[in-house]
Structures are given as C-alpha cells and as structure tokens.
Amino acid sequence: AIPLVVAISTAVSAQNGLLIRNRTAFEESRKITTLLFDKTGTLTTGVFGVARYESINKAIKKEEMFRLAGALEQNSEHPIAVGIINKLKELKVSIPNAEKFNAITGKGVEARVEGKQVKVVSPGYLKEKNWEMPEGSVSSEAETVVFVIVDEKITGYIALSDAIRPESREAIKTFKDNNIKTFMATGDNERVAKAVASELGLDGYFAEVLPHNKVEIVKDLQGKGEFVAMTGDGVNDAPALAQANVGIAVGSGTDIAAETADIVLVNSNPKDIANLILFGKATYNKMI
Ligand code: ADP
Ligand code: MG
C-alpha cells in the first residue's frame, strides 16, 4: 500500500498547500482527535498594526522609546517587529543602529542601542521576572502588548492588533463537525488569547506560554488519550512539534521547525489541515 499512499500524499500536497515530509503523516492525520494551534499568522493574519505606545519613564519620551524598540526590531522577522517597523516608516522616523542583537527565543529581542541595553519582550517575560505590567498597558481591547525594557527597567509598552483569518472560522467548523477538539497555545496575553478563542469557538486555550511549556501541553493532552497534531513556526516550537503525534510547521517558519515537522503548511492556512484530515479519512475508508 505504501506506493499508493505516497502517490496520494503527493497529490494532496501539490494541490493543497501542504508538504508532507513523513510518509506516515498522511495516514496518521486521519487519527487526529485534538489540534493545538499557534495563534499569530496561523489562526490570525499575522499582520500587526501599532495601536498605541506609551512611556512610563519620565526620562525617556514615548517617541524615543519607540525609536529604541525599532532599532531592535529592524533585526527581527517576527510579525510584531514588522508591525513596529512599518509604523516607524509611516512616521518617517530614522531608526538607530543596534549592536549585539539577540533573539530571546519565544520571549522577545535584545540589543545595545546608543549605549543602552534595550529589550522588547512578552508578558510572559515580565511574569517570569515577577515584574508588574505598567499601568495602562492592559486595555479593554484585545491588544497584543510588548514591553520595552531599558537598562533593566520597564520603560513602556507598545500595543498592537492583529485580525482573525477568515479561513480559521471555516476550518474550526470543519473540525467541530468531525469531533476534533481545537486548542490554541500562544505567547500572547490572556485577553487576546481569550478573545480569539471565544471568537472562533475553540475548546480551550493556553496564554502567556513560554517555549518550554509547549511540550508539557502536548504531553498533557496525550495523557488524556488525545492523538495530537500541533502547528508551530519557531525554533522554540521544534521540541513540541517532535512530541506531537503529527507536527505541522507553518509556512513562513524557520528551517528548524520545518525539519522537525511531519508536515509543512505552506500557506499557514488552517483550512488546508481540515482538507488533509477529511481527505485522509475518505481515502482510508475506501481502502478498507
Ligand atoms: P507567538 O507565535 O504566540 O507570537 P512566539 O514564540 O513567536 O509566539 O513569541 C512569543 C512572544 O514573544 C510574542 O507573543 C511576543 O510577546 C514576544 N516576541 C517574540 N519575538 C518578538 C519580537 N521580535 N518583538 C517583540 N516581541 C517579541
Ligand atoms: Mg510564533
């Protein structure tokens, strides 16, 4: 049966934005009972607009803080970084150079700018340090918020917004119709996670997740008897993609994620996963 499976999976891949790297992945996909999605760029468009930014440090004006953040973000490809850089370009602000740039995996970025040590980080990073969120950073809106740290002090925050992908709604409906549970794990804050999860009608979500938490989440679901497929895009997602029964790397992701994954979702479109599962079920039902 293997040549047939290979032929089918090749056909599925070619037409449907999927790259099946592991021969058994197509066969395994019909056994999926739970899908664990990442948020940014998979369930949402991943196109961030800057909504607002504020400094809480009297010595550093908000414009200055935003410029410092830009110095770091010009070295990052994260959707948040792209949103910040686009806003600075729109404002025609010149962005200073950053030295010793480093990506803090799954948490943010850091570098030296004009003699200062600057970081732009996630809410999870603050939580880990037991630092309080600056006043005003949590709004009633479901905004993604990152924090600017200058010389180890919280200097302010940048709030951004992203939109749910229209295809996500259709995909989630298909999963529900097929009794497949859907969850989301994100490094983003509780408010955004809750808004996206309730908007899409997910079975649950995990917010402010740090890289090492993802493997635990997959293991917990497996411990409850679930056959878990997970999507991910970052280097930090690789261990969890390996732990999942079916690991799915999303399109724009890193090579490391793609190397670990069983399937690459070329267009990051959740509907392509729904089609894969349905096609897998139909194919094997016919064969038996
Ligand atoms: P997600 O896909 O859920 O955004 P990531 O692992 O890509 O997860 O990032 C986790 C969190 O780390 C982000 O939600 C964000 O808060 C922070 N982060 C990562 N990279 C950057 C960056 N370049 N600039 C600002 N924040 C970042
Ligand atoms: Mg990500």
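Being a predicted model, the structure only gives us computed values, none of them experimental. (Residues numbered from 1 in each chain as written. Chains lettered and ligands numbered in written order. Predicted model: local features only at pLDDT ≥ 70, side-chain atom pairs only at ≥ 80, totals over all residues.)

**Side note on the site of ligand 1**
Here's step 1: Taken together, 20 residues are adjacent to ligand 1, and Ser76, His78, Ser122, Thr186 and Gly187 come closest.
Here's step 2: Secondary-structure elements contributing two or more residues to the shell around ligand 1 are helix H3 (39–43), helix H5 (79–90) and strand E5 (108–113).
Here's step 3: Both domains that meet at the shell around ligand 1, namely domain 1 (2–45 + 164–287) and domain 2 (49–161), each give it at least three residues. (Near = placed C-beta within 6 Å. Helix = DSSP H or I, 4+ residues; strand = E, 2+ residues; numbered from the N terminus. Domains from an automatic or database assignment.)

**Notes on the environment of Phe101**
Here's step 1: Looking at where Phe101 falls in the secondary structure, it is placed in strand E4 (residues 99–104).
Here's step 2: C-alpha separation for the pair Phe101 and Ser76, spaced 25 residues apart in sequence, amounts to 9.2 Å.
Here's step 3: The contacts of Phe101, once residues within four sequence positions are left out, are Leu72, Asn75, Val109 and Ala111. (Contact = placed C-beta atoms within 7 Å.)

**Points about the domain arrangement of the chain**
Here's step 1: Its domain assignment divides the chain into domain 1 (2–45 + 164–287) and domain 2 (49–161).
Here's step 2: Measuring from the centre of the C-alpha atoms in domain 1 to the corresponding centre in domain 2 gives 30 Å.
Here's step 3: Residue-level contacts link 15 residues of domain 1 with 13 residues of domain 2.
Here's step 4: Elements represented by at least two residues in the side of domain 1 that touches domain 2 include exactly H3 and helix H8 (190–200).
Here's step 5: A breakdown of the residues in the side of domain 1 that touches domain 2 according to their chemical character gives six nonpolar, six polar and three charged. (Nonpolar A, V, L, I, M, F, W, Y, C, P; charged D, E, K, R; others polar.)

**Re the pairing of strand E12 (residues 246–250)**
Here's step 1: Burial of E12 is extensive: five of the five residues sit out of reach of the surface.
Here's step 2: Residue alternation in E12 divides its side chains into two sets, Val246, Ile248 and Val250 and Gly247 and Ala249, and both sets are buried.
Here's step 3: Relative to E12, strand E11 (residues 228–232) runs parallel, the two sharing four bridges. Note that in E12 the partner of Ala229 across the bridge is Val246.
Here's step 4: Of the crossover connections in this fold, the one passing from E11 over helix H10 (residues 238–243) to the parallel E12 is right-handed.
Here's step 5: Across three bridges, the pairing between E12 and strand E13 (residues 263–265) is parallel. Within the sheet, the bridge partner assigned to Ile248 lies in E13 and is Ile263. (Buried ≥ 20, exposed ≤ 12 C-beta atoms within 10 Å, placed from the backbone. Pairing = 2+ DSSP bridges. Right-handed = clockwise from strand over helix to strand, strands pointing away.)

**Brief notes about unusual backbone geometry**
Here's step 1: The residue Asp151 is not glycine, and still its phi comes out positive at about 45°.
Here's step 2: As for its position among the elements, Asp151 is in the loop between strand E7 (144–150) and strand E8 (153–161).
Here's step 3: C-beta crowding within 10 Å serves as the criterion here: with 10 such atoms nearby, Asp151 is assigned to the exposed category.
Here's step 4: A positive phi angle, near 55°, is found at Ser268, a position not held by glycine.
Here's step 5: Judged by the 25 C-beta atoms lying within 10 Å of it, Ser268 falls in the buried class.

**Here we look at the sheet that holds strand E6 (residues 116–121)**
Here's step 1: Pairing within the open sheet is antiparallel, and its six strands lie in the order E3-E8-E7-E6-E5-E4. Whereas interior strands pair on both sides, the edge strands pair on one side only; in this sheet they are strand E3 (49–55) and E4. Going across the sheet, the axis of each strand differs from the next one's by a mean of 20°, ignoring polarity.
Here's step 2: Relative to E7, E6 runs antiparallel, the two sharing four bridges. For Val120, the partnering residue across the bridge sits in E7 and is Val148. (Axes fitted to C-alpha atoms, helices over the stretch in contact; angles between N-to-C directions.)

**Structural notes on the nonpolar core**
Here's step 1: Counting 48 residues, the largest nonpolar core has Met184, Met230, Ile248, Ala249 and Ile263 as its most contacted members.
Here's step 2: With residues near it in sequence (within four places) discarded, Ile248 still touches Ala229, Met230, Thr231, Ala261, Ile263, Leu265 and Ile273.
Here's step 3: In terms of nonpolar packing, the next biggest core, distinct from the first, is built from 32 residues, Val50, Phe66, Leu68 and Ala111 among them. (Core = buried A, V, L, I, M, F, W, Y, C linked by C-beta atoms within 7 Å.)

**A word on the sheet that holds E13**
Here's step 1: On the basis of which strands lie adjacent, the open sheet formed by seven strands has the order E1-E13-E12-E11-E2-E9-E10 and mixed pairing. Looking at which strands have only one partner, the edges of the open sheet turn out to be strand E1 (18–20) and strand E10 (204–206). Taken pair by pair, the neighbouring strands of this sheet meet at an average axis angle of 20°, ignoring direction.

**Quick notes on helix H4 (residues 62–73)**
Here's step 1: With twelve residues, H4 ought to run about 16 Å at 1.5 Å a step, and its terminal C-alpha atoms sit 16 Å apart, in line with that.
Here's step 2: Of all the residues in H4, the buried ones are Met65, Phe66, Leu68, Ala69, Gly70, Ala71, Leu72 and Glu73. (Expected span 1.5 Å × (residues − 1).)

**Some thoughts on the packing of H4 against H5**
Here's step 1: Where H4 contacts H5, the two axes come as close as 9 Å, and the packing angle between them is 125°. Considered as vectors, H4 and H5 are oriented oblique to each other. For H4 against H5, the interelement crossing comes out left-handed. Between H4 and H5, the residues in contact are Ala69, Gly70 and Glu73 and Ala81, Ile84, Ile85 and Leu88, respectively.
Here's step 2: Of the residues assigned to the contact of H4 with H5, the class counts are five nonpolar, one polar and one charged. (Parallel < 35°, antiparallel > 145°, perpendicular 65-115°, else oblique. Left-handed = near helix turned anticlockwise from the far one by under 90°.)

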